[in-house]
Amino acid sequence: MNKIQSHSTIRRRNFLKYLAAVGITAAGGYMFFEYAPWLNYDEQAKQIRRPFEKNLTKSAQMQEIVRYATLAANGHNTQPWKFVIKQNAIEIYPDYARRLSVVDPGDRELWISLGCALENLLIAARSAGYTPEVTYPYAVDFIRIRLTADTMQRSPLLDAIPLRQNTRSEYTSQIIKRNDFDQIHAPPLEPGVVVHFVTNSAGLKTVLEYVIQGNLSQYADKAFVDELIYWLRFNKKEALASLDGLFTRCSGNPEVPRWLGRMFVAGMKPQQWADADTKKLRSSHGAVVLASESDDKTTWVRTGQVYERIALKMTSLNIKSAFINQPVEVTKLRSQFQSAIGLGAYLPQLLMRFGYANTMPRSLRRPIKQVLI
Ligand SMILES: Cc1cc2nc3c(=O)[nH]c(=O)nc-3n(C[C@H](O)[C@H](O)[C@H](O)COP(=O)(O)O)c2cc1C
């Protein structure tokens, strides 16, 4: 090799090293800002779930009750609610700007979500020393809870409110203890709402068939997948910026940049979603169907209340639960599922599985100042 050649080889090598250094620094910087290690997700999730405070001034107490209402289950964690605090009442309004027009075109699940929030609100209000009286949304588009000062009635479910979660992982397959099952299988109901526990293998096989069909139908629909991606929060930076939506870690998935997450979710085959849910259902002790006589706003709210009651009771016994609503959300499957599972004239509204499992990372909520009108 002559002098000129060796010089140009050295220059090329140096240039490549320089390029590699720039590439590594840029990638490192990108990852650093993408994952924002200085942001503490778990602290934020814990803060919104801090213990319930009592004996506050009236206005602070009302806000505290609203905070506990917002810890309720809700579709895609859209938090589709707004609250108005009045002199002796709290009102819950739907926030239609947060509706899920693809998976829930009739706002059925939106009103169920408001029912979940209502149930938390009632438990918190009683614990703070108020007797609540609910006006359901028969003729209006909101729920009104009149609050009369009374003695404090501590509900054992109050402590379960910040602990409840929709646990989407595979469960341990352990059988629920007899004594615990006795405490959950006949929850207090609401007029027009029934619950149907499925724990035998024939019944669970039917549930699984419909969950699979539901998955195949939903994930073949681009609009459904697009709506899901819109509400997915692929890393904590995104989750903490919006304080809503479905954070991937809560479902046991890693944090990734949005472009990668979107590519991954859009590229998943419907069968892969169905296979994942098959494993999850098979690892659960059983399923619960919530069904109702009619399909109107008040019934949806009451269904949400009964769901929240069941989920809180399960939480207090360290039993985990998660929704598998696909057979109810896919219109063409809903009535088939209704007869296959033996519900007679009752319309299926919600489907959930339950069992033992570890706790997953907790979802976020917006602070109450963002949900108060
Ligand atoms: C009406 C309704 C429908 C839901 N549907 C599903 C579902 O089909 N699949 C699912 O994994 N979670 C479902 N969820 C659970 C929400 O995604 C969950 O409540 C929300 O992300 C907040 O998380 P958390 O319940 O752990 O607090 C549903 C919740 C409600 C109230």
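This text goes with the structure placed above it.
Since the model is a prediction, treat every value here as computed from it, not as a measurement.

**Student:** Explain the site of the ligand here, please?
**Tutor:** The environment of the ligand is made up of 17 residues, and the closest members are Ala73, Asn77, Gln165, Asn166 and Phe323. Put simply, the parts of the chain that give the shell around the ligand at least two residues each are helix H4 (108-127) and strand S9 (320-323). Top element by residues in the shell around the ligand is H4. It accounts for four residues. Considering only residue class, the shell around the ligand consists of six nonpolar, nine polar and two charged. In terms of domain composition, the shell around the ligand takes at least three residues from each of domain 2 (45-163 + 363-370) and domain 3 (170-212 + 271-357).

**Student:** Please explain the environment of arginine 154 as it appears in this structure.
**Tutor:** Note on placement: arginine 154 falls in the loop between strand S4 (143-149) and helix H5 (178-184). What makes arginine 154 partly exposed here is the crowd of 13 C-beta atoms within 10 Å. For arginine 154 and alanine 124, which are 30 residues apart along the polypeptide, the C-alpha to C-alpha distance reads 8.5 Å.

**Student:** Explanation requested: the sheet that holds strand S3 (residues 130-135) in the structure shown.
**Tutor:** Through backbone hydrogen bonds, the strands of a sheet pair up, either in parallel or in antiparallel fashion. The sheet built from four strands is open, its strands ordered S1-S2-S4-S3 with antiparallel pairing. Two strands in the sheet have a free side with no partner beyond their single neighbour: strand S1 (81-85) and S3. This sheet shows a mean twist of 20° between the axes of neighbouring strands, independent of strand direction. Two strands pair when backbone bridges link them, and S3 and S4 are joined in this way by six bridges, in the antiparallel orientation. Bridging from a neighbouring strand, tyrosine 130 pairs with alanine 149 of S4.

Here is what the cut-offs are and how they apply
Residues numbered from 1 in each chain as written. Predicted model: local features only at pLDDT ≥ 70, side-chain atom pairs only at ≥ 80, totals over all residues. Near = placed C-beta within 6 Å. Helix = DSSP H or I, 4+ residues; strand = E, 2+ residues; numbered from the N terminus. Nonpolar A, V, L, I, M, F, W, Y, C, P; charged D, E, K, R; others polar. Domains from an automatic or database assignment. Buried ≥ 20, exposed ≤ 12 C-beta atoms within 10 Å, placed from the backbone. Pairing = 2+ DSSP bridges. Axes fitted to C-alpha atoms, helices over the stretch in contact; angles between N-to-C directions.

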